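Each chain is listed here by its residues.
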Amino acid sequence: MSNPSFLEQPRRLWLGLLAAGVGVGLGASVKALAGPGLGEASTPLLMIPAVVLASALGGFLPGLLAVLLGAVAAWGLGADLAALTLFALVAASIVAGGELFQRARRRAEGVNRDLAEREAHVQSILDTIPDALVIIGEDGLIRSFSTAAERLFSWTSAEVLGRNVSMLMPQPHKDAHDGYLEHYYRTGERRIIGLGRIVVGARRDGTTFPMELAVGEIRTETGRFFTGFIRDLTERQSTEARLQELQGELIHVSRLTAMGEMASALAHEINQPLGAIANYLKGSSRLLASGGLEKARVGLDKAAEQALRAGDIIRRLREFAARGESERRVESLPRIVEEAAALGLVGAREQGVIVRFQFDPAVDVVLADRVQIQQVVLNLLRNALEAMEDSARKDLTVRIDPAPDDMALVSVADTGPGIAPEVEAKLFQPFITTKAAGMGVGLSICRTIVEAHGGKLWPEQTPGGGATFRFTLRAVTDGELDE
Ligand code: ADP
């Protein structure tokens, strides 16, 4: 719909004025050419076309001008007062009617403009909303099909408009949908309208997908319409799966980083049994040479023991560094913590740290991904050891206690300097560190892991100085275990 330009209004006015002049001129010419045979009373009548034309084309002003010009011309051509009065009355009604007509036309143009504007707005919404939108009429036929719906169902709007919406559904709903509508009209019972539900949709090629459907109802003078908002759940599920995959990767990488940071302590830990093995073997060999068979056997046994110890550390390392799918199982919490401590506390003795374990026997199994929870414990232990490097008192206490609501509480308390005030508020944000070689991702990943397990992780002050980190996990109760 075109908007009348500013230029168009004056153009209409000029056209009307021209029509008034020319029309009156023509009327006068006809009278002059026809001569007296036409009769005196007809003179004003000849001016009527000029009035009609001028007011239709240009509105009130040209119409009025045509009346005046027509009256003057008719007067000049000898019309009497009665004929002129009649002319004035008829012409004035024509002008008034013309003006009313012009106003109505302008109003209609305005309404059309508004409608066109609103339609453009609605269309732009339909084109951009990420959810698919399908509008159907009372008869179940599709009236509107948004761009996202075109993408989702692989139909173009032109192909589906006017067809039954059941074409977007798999069986048995495809055949039953008209019945659903009828049931609703008859009973008013709402099964989807205004509620929203997860249903299955069918694409053009017949493949189906889960979708979230919310339906609204509009009642207008021409009947009711239903608007369906559709969200493809497969897209969301795959995004969530990808996010989880990425998080798993991150957790794994941070585990490798932790291993890297512990590399020298670990090398030392493995070197010790290797050195011991070498010594035992050398001793046994000497004993064999001198015939001390029984003593040599004891020496060889000791060497084997040390080899197993080294093997044990390597096994733990391998398990810890493995990528592994995240899987939760019923696991013994004390065992998880002990194993993590076997890795996490390498080098602690040399550093002069006194380690205490206090496990409440009331807590046993939890539902957890063993390696991930070990990663949390290991991280907390390494942080505690690093914090106490320059402390006079080096006490490390690892506790397991029961907590309310069937939770288990793990605490790692150190006697270091406590948490530095500058990092306290953002302790769990990634890349926040006070260490020269720190990455600052450890605690943020620990919190992610614990929260993914339905628990909480938080810091406290150790009474007498130092930091205590605690986290909870949901314990598996005896009843659940039986099930
Ligand atoms: P990183 O160890 O690489 O710095 P973390 O996220 O594990 O990363 O720790 C972030 C910061 O939290 C550390 O730099 C340290 O300042 C503080 N912090 C963590 N644990 C302790 C602790 N037991 N005592 C004192 N400060 C700690």
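Refer to the structure printed above.
Chemist: Lay out unusual backbone geometry in plain terms, naming residues and giving numbers.
Modeler: Cis peptide bonds are those with omega within 30 degrees of zero, and the linkage from Q171 to P172 qualifies with 0°. Mapped onto the elements of the fold, P172 is located in the loop between helix 6 (157-160) and helix 7 (173-187). At S154, a residue that is not glycine, the phi angle is positive and equals roughly 65°. Mapped onto the elements, S154 comes out in the loop between helix 5 (147-153) and helix 6. Residue classification places S154 among the partly exposed residues on the basis of a relative accessible area of 39%. Although it is not a glycine, D405 sits at a positive phi angle of roughly 60°. With respect to the element layout, D405 can be found in the loop between strand 9 (395-403) and strand 10 (407-413). Given the relative accessible area of 70%, D405 is considered exposed.

Chemist: So what about the packing of helix 2 (residues 48-58) against helix 3 (residues 60-76)? Which residues, and what values?
Modeler: Interhelical geometry of helix 2 versus helix 3 gives an angle of 165° and a closest axis separation of 7 Å. Overall, the two elements helix 2 and helix 3 adopt an arrangement that is roughly antiparallel. At the point where helix 2 passes helix 3, the crossing takes the right-handed sense. In this structure, helix 2 uses A50, V51, A54, S55 and G58 to contact helix 3, whose residues at the interface are F60, P62, G63, A66 and V67.

Chemist: Please set out the pattern of salt bridges residue by residue, giving values where relevant.
Modeler: Applying the stated rule across the entire model yields 22 salt bridges. A salt bridge links D131 to R231; its shortest N-O distance comes to 3.0 Å. Placement of the pair is D131 in the loop between helix 4 (81-128) and strand 1 (132-137) and R231 in strand 5 (residues 223-232), with a sequence separation of 100 residues. Owing to a relative accessible area of 18%, D131 belongs among the buried residues under this scheme. Given the relative accessible area of 37%, R231 is considered partly exposed. With a closest N to O distance of 2.9 Å, R470 and E460 form a salt bridge. Of the two residues, R470 is situated in strand 12 (residues 467-474) and E460 in strand 11 (residues 457-461); the sequence distance between them amounts to 10 residues. The network of salt bridges with shared partners includes D312, R315, R316, E319, R335, E339 and R370.

Chemist: I'd like to hear about the environment of G137, residue by residue, with values.
Modeler: Among the structural elements, G137 can be located in strand 1. Between the C-alpha atoms of G137 and V476, which are 339 residues apart in sequence, the distance is 53 Å. Among residues more than four places away in sequence, those in contact with G137 are R143, R224, F225 and F226.

Chemist: Before we move on, could you go through the site of the ligand and cite the residues and values that matter?
Modeler: Lining the immediate surroundings of the ligand are 20 residues, of which D414, T433, T434, K435 and G440 lie closest. D414 has a polar side-chain atom sitting 2.8 Å from a nitrogen atom of the ligand. Here the ligand loses 94% of its free accessible area of 530 Å² to cover by the protein chains. In a pocket analysis with a 2 Å cut-off to the grid points, the ligand is assigned to the largest pocket. At the level of elements, helix 12 (370-387), helix 14 (442-452) and strand 12 are the ones that each hand at least two residues to the shell around the ligand. The biggest single contributor to the shell around the ligand is helix 12, with three residues. By residue class, the composition of the shell around the ligand is 11 nonpolar, seven polar and two charged.

Chemist: Can you explain the nonpolar core? Please cite residues and give values.
Modeler: In terms of nonpolar packing, the biggest core is built from 41 residues, with L333, L380, L381, L396 and F471 touching the most fellow members. Mapped onto this core, the elements with two or more residues apiece are helix 11 (333-344), strand 8 (365-368), helix 12, strand 9, strand 10, helix 14 and strand 12. It is helix 12 that provides the largest number of residues to this core, a total of seven residues. Beyond its immediate sequence surroundings of up to four residues, L333 is in contact with V363, D364, V365, V366, I400, A408, V410 and L473.

Chemist: Just give me the short version of the sheet that holds strand 7 (residues 354-359), but keep the residues and values in it.
Modeler: Within a sheet, adjacent strands bond to each other through the backbone by hydrogen bonds, running parallel or antiparallel. Read across the sheet, five strands follow the order 7-9-10-12-11 without closing on themselves; strand pairing throughout is mixed. Two strands close off the open sheet at either side, each with one partner strand: strand 7 and strand 11. In this sheet, adjacent strand axes meet at a mean angle of 20° when their direction is disregarded. As defined by bridge partners, strand 11 adjoins strand 12 across five bridges and the pair is classed as antiparallel.

Cut-offs used in this document
Residues numbered from 1 in each chain as written. Predicted model: local features only at pLDDT ≥ 70, side-chain atom pairs only at ≥ 80, totals over all residues. Heavy atoms only, no water. Helix = DSSP H or I, 4+ residues; strand = E, 2+ residues; numbered from the N terminus. Buried < 20%, exposed > 50% of the residue type's maximum accessible area, 1.4 Å probe, protein only. Axes fitted to C-alpha atoms, helices over the stretch in contact; angles between N-to-C directions. Parallel < 35°, antiparallel > 145°, perpendicular 65-115°, else oblique. Left-handed = near helix turned anticlockwise from the far one by under 90°. Contact = heavy atoms within 4.5 Å. Salt bridge = Lys/Arg side-chain N within 4 Å of Asp/Glu carboxyl O. Near = heavy atom within 4 Å. Polar contact = N/O pair within 3.5 Å; in protein donor to acceptor, adjacent residues only side chain to side chain. Areas by Shrake-Rupley, 256 points an atom, 1.4 Å probe, with all protein chains shown as cover. 1 Å grid on protein atoms, 1.4 Å probe; cavity = no way out; pocket = protein on both sides within 12 Å on 5 of 7 lines; lining within 4 Å. Sits in = over half its atoms within 2 Å of the grid points. Nonpolar A, V, L, I, M, F, W, Y, C, P; charged D, E, K, R; others polar. Core = buried A, V, L, I, M, F, W, Y, C linked by side-chain atoms within 4.5 Å. Pairing = 2+ DSSP bridges.

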